[in-house]
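A closer look at the structure
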Amino acid sequence: MIALQNGVGTWLGELLQSVGLPPEVAAPVGETIIGVALFLIAFIVLYLIGKRGILPLLNRVLDSRNLDRHAQTPIRKVVWILYLFVGITIAFGIAGYNGFLRSLATIAAAATLAIGFAMQDVLKNFVAGVFIFTERPFKIGDWIEWDDNVGVVEDISLRITRVRTFDNELLTVPNFQLTDNVVKNPVDAKKLRLKFVFGIGYDDDIEAATNIILEEARDHPGIMDDPEPSVRLTELGDSSVGLQSRIWINDPSRADFVRTRAEYVQRVKEQFDAEGIDIPYPHRTLTGGIGVADGPVAGE
């Protein structure tokens, strides 16, 4: 390749000399033209290989992992940028600019080190974003909880994730916060269990209260029959007996958790009232006595 390049460069230099250019100018110009032409040809070939071979192969790999479309886009961009960088490097090598490549590599290494120190947080979020895309702990539309925050995921990028709270506030969350902390995803599975403790008085009939709780769960259209609802006595409080209801709702990514639970609890409360079952207030029993001492009244 080098011999061919030198030969063509010499021929082009002689051609330029024949049209009047001095020899000391014609030879370098000829070599430069040949180098630029080889670079362009090599880069165009590598670009077409990437467009027609590498990208379709990458798309098949991403599709085989069942990645969401929003997750495929940034990964595809990063791979394409890396491929272009490698293609430019190879094209420079084919054009014979090895010295330039060594200088470029030195500059790139120094720049990478400086950028790495200056952009530690950005890089940390970028790596966290890659983990989110590959591990998929949640996706757009999921209801997630972390630390003291809760909301629905609206967008995921390589640096940040946008979450809409139930107060309609938009949270812009750095990705590393979602990979370095425990994230709860209640809607990851196809069904979700909800628990609620109903407190009844110590004098009330536990069996009757249990039957009401189960009947209202079976009658509610948003509560699943399989797994069937269940009730367990879980608490003996200071002023009430705690009956924990365990119900399941289907397809939780679309169900209205709050509405289903609120309707269910309201129906149980109304039936408790109709059957005379009390939901007692907390109370305290005070013991002791009050003594009245003889003597002058304060202020007299």
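Residues numbered from 1 in each chain as written. Predicted model: local features only at pLDDT ≥ 70, side-chain atom pairs only at ≥ 80, totals over all residues. Heavy atoms only, no water.

The next point concerns the overall build of the chain. Per the secondary structure count, the chain includes 8 helices and 8 strands. A total of 300 residues make up the chain; the buried ones form 30% of that total. Contacts in the chain between residues at least 24 apart in sequence constitute 62% of all its contacts with a sequence separation of at least 6. Carbon and sulfur atoms provide 58% of the accessible area of the chain, an area that totals close to 19,600 Å². (Helix = DSSP H or I, 4+ residues; strand = E, 2+ residues; numbered from the N terminus. Buried < 20%, exposed > 50% of the residue type's maximum accessible area, 1.4 Å probe, protein only. Contact = heavy atoms within 4.5 Å. Areas by Shrake-Rupley, 256 points an atom, 1.4 Å probe, with all protein chains shown as cover.)

With that out of the way, let us pick up the confidence of the model for the chain. When pLDDT is averaged along the chain, the result is 79; 73% of the residues meet or exceed 70. When mean pLDDT is compared element by element in the chain, helix α7 (residues 206-219) scores highest at 94, while helix α1 (residues 2-18) scores lowest at 51. Taken together, the stretch residues 1-5 has pLDDT below 50 and engages in 7 contacts with residues farther than four places along the chain or on a different chain. (pLDDT = per-residue confidence, 0-100.)

Counting 22 residues, the largest nonpolar core has I200, I213, Y264 and F272 as the members making the most contacts within it. Those elements giving two or more residues to this core turn out to be β6 (191-200), α7, β8 (241-250) and α8 (257-275). Element by element, the count of residues in this core is highest for α7, at 5 residues. Contacts of Y264, omitting those with residues within four sequence positions, involve F198, I213, E216, A217, H220, I223, S245 and I247. Grouped together as the second largest cluster of nonpolar side chains are 18 residues, L55, I75, I132 and V153 included. (Core = buried A, V, L, I, M, F, W, Y, C linked by side-chain atoms within 4.5 Å.)

Spanning 14 residues, α7 covers 20 Å between terminal C-alpha atoms, matching the ideal 20 Å at 1.5 Å per step. Inspection of α7 places A209, T210, I212, I213, L214, E216 and A217 among the buried residues, and these make up the whole buried set. Those residues of α7 that are buried lie in contact with β6, β7 (230-236), β8 and α8. The N-cap residue of α7 is D205: its side-chain oxygen and the backbone nitrogen of E207 are 3.0 Å apart. (Expected span 1.5 Å × (residues − 1). Polar contact = N/O pair within 3.5 Å; in protein donor to acceptor, adjacent residues only side chain to side chain.)

Each regular strand displays side chains that alternate between the two surfaces of the sheet. The sheet contact formed by strand β1 (residues 143-146) and strand β2 (residues 149-156) spans 4 bridges and is antiparallel. Looking at β2, one finds that I144 is bridged to G151. Taking the residues that link successive antiparallel strands as the turn, the β1-β2 hairpin has 2 residues, and the phi of D147 there is positive, at about 50°. Of the strand pairs in this sheet, β2 and strand β3 (residues 160-164) are connected by 4 bridges, and their pairing is antiparallel. What sits directly across from D155, in β3, is R162. Where β2 folds back on β3, the antiparallel hairpin that results is connected by 3 residues. (Pairing = 2+ DSSP bridges.)

As a further point, take a nonpolar patch on the surface. Side chains of V36, L40, I44, Y47 and L48 sit close together on the surface and give an oily, nonpolar patch of about 420 Å² of accessible area. Here I44 shows up in helix α2 (residues 23-64). (Patch = residues over 30% accessible without salt bridge, like charges linked within 9 Å, V, L, I, M, F, W, Y side chains within 5 Å. Salt bridge = Lys/Arg side-chain N within 4 Å of Asp/Glu carboxyl O.)

On inspection of all chains with the given rule, the structure shows 5 salt bridges. The residue R164 makes a salt bridge to E154 at a minimum N-O spacing of 3.0 Å. Residue R164 is located in strand β3, and its partner E154 is located in strand β2; the two are separated by 10 residues in the primary sequence. Residue K269 is joined to D273 by a salt bridge in which the shortest nitrogen-to-oxygen separation is 2.6 Å.

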